[in-house]
Amino acid sequence: DAGVIQSPRHEVTEMGQEVTLRCKPISGHDYLFWYRQTMMRGLELLIYFNNNVPIDDSGMPEDRFSAKMPNASFSTLKIQPSEPRDSAVYFCASSFGNEQFFGPGTRLTVL
Amino acid sequence: QKEVEQNSGPLSVPEGAIASLNCTYSDRGSQSFFWYRQYSGKSPELIMFIYSNGDKEDGRFTAQLNKASQYVSLLIRDSQPSDSATYLCAVNPGNTPLVFGKGTRLSVIA
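Residues numbered from 1 in each chain as written. Chains lettered and ligands numbered in written order. Predicted model: local features only at pLDDT ≥ 70, side-chain atom pairs only at ≥ 80, totals over all residues. Heavy atoms only, no water.

**Quick word on the interface of chain B and chain A**
Item 1. Of the residues lining the interface, 19 residues belong to chain B; the matching set on chain A comes to 17 residues.
Item 2. Counting each side, the surface lost to burial between chain B and chain A is near 1,300 Å², with a carbon and sulfur contribution of 58%.
Item 3. Between chain B and chain A we count zero salt bridges in total.
Item 4. Our count for the chain B to chain A interface comes out at three residue pairs in polar contact (both at pLDDT 80 or more). (Contact = heavy atoms within 4.5 Å. Buried area = accessible area lost by both parts, 1.4 Å probe. Salt bridge = Lys/Arg side-chain N within 4 Å of Asp/Glu carboxyl O. Polar contact = N/O pair within 3.5 Å; in protein donor to acceptor, adjacent residues only side chain to side chain.)

Here's what the structure looks like:
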């Protein structure tokens, strides 16, 4: 298996623009997680899904953030409108059981 | 609030020495414990997990768990410069996702 796949790897955008991050989990994994990592706050859980259903989105910072998982092999995290404070590395991870496996991340810069 | 605490470091050790990384957690009902290694600019990579009290060894790595003290540690024997990274402790408090610490930055000096 290729592992968790994320795209794009880097995204530079201007404040106010819509940003869509994409994730393909490992085949057979039933949990999918979206994280944000910054130097100041470390790794923060934004939202997670079980069998494509959102279970807990309490970590989503604002209504500007939304996430979907239309099927077992694809998820998106959307930020609309984006702001400079959204600049961070966004990781997607998947698991079957307790062990989570992370994708390579998307480095987002909002100017 | 379920918390996982780690010393942010940096922890500097000479090449060949034992590096000891420590983690404490607040939820006494936690059942499983994980160590992730994260190189600069890369994603976290699972290197060890432990479920039972005591020690678990895998090559140069040993995870130690003491549930009574709510303490988990990672020992790296014969440390190499390639071990220089941030080490994240993660705890499974039960029917919720992993809770991660902020990580300890390890620097192995050649």
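**Observations regarding the state of the cysteines**
Formally, a disulfide is one covalent bond, and it connects the sulfur atom of one cysteine to the sulfur atom of another.
All names here are of chain A.
Item 1. One pass over the full model with this rule turns up two disulfides over all chains.
Item 2. Bridging cysteine 23 to cysteine 92, the disulfide has an S-S length of 1.9 Å. The chirality of the disulfide connecting cysteine 23 with cysteine 92 is left-handed, given an S-S dihedral of about -65°. Taken as a pair, cysteine 23 in strand 3 (residues 19-24) and cysteine 92 in strand 9 (residues 88-95) lie far apart in primary sequence, 69 residues in all.
Item 3. Classification of cysteine 23 as buried rests on a relative accessible area of 1%.
Item 4. On the basis of relative accessibility, which here comes to 0%, the residue cysteine 92 falls in the buried class. (Disulfide = S-S within 2.5 Å. Helix = DSSP H or I, 4+ residues; strand = E, 2+ residues; numbered from the N terminus. Buried < 20%, exposed > 50% of the residue type's maximum accessible area, 1.4 Å probe, protein only.)

**Some words on the environment of B:Gln6**
Residues and elements named next belong to chain B.
Item 1. Tracing the chain through its elements places glutamine 6 in the loop between strand 1 (4-5) and strand 2 (11-14).
Item 2. Classification of glutamine 6 by relative accessible area gives buried; the value is 12%.
Item 3. As for glutamine 6 and cysteine 23, which are separated by 17 residues in sequence, their C-alpha atoms are 4.9 Å apart.
Item 4. Setting aside anything within four residues of it in sequence, one finds glutamine 6 in contact with Asn22, Cys23, Trp35, Tyr87, Leu88, Cys89, Gly101, Lys102, Gly103 and Thr104.
Item 5. Here tyrosine 87 takes part through its backbone oxygen, which lies 2.9 Å from a polar atom of the side chain of glutamine 6.
Item 6. Here cysteine 89 takes part through its backbone nitrogen, which lies 2.9 Å from a polar atom of the side chain of glutamine 6.

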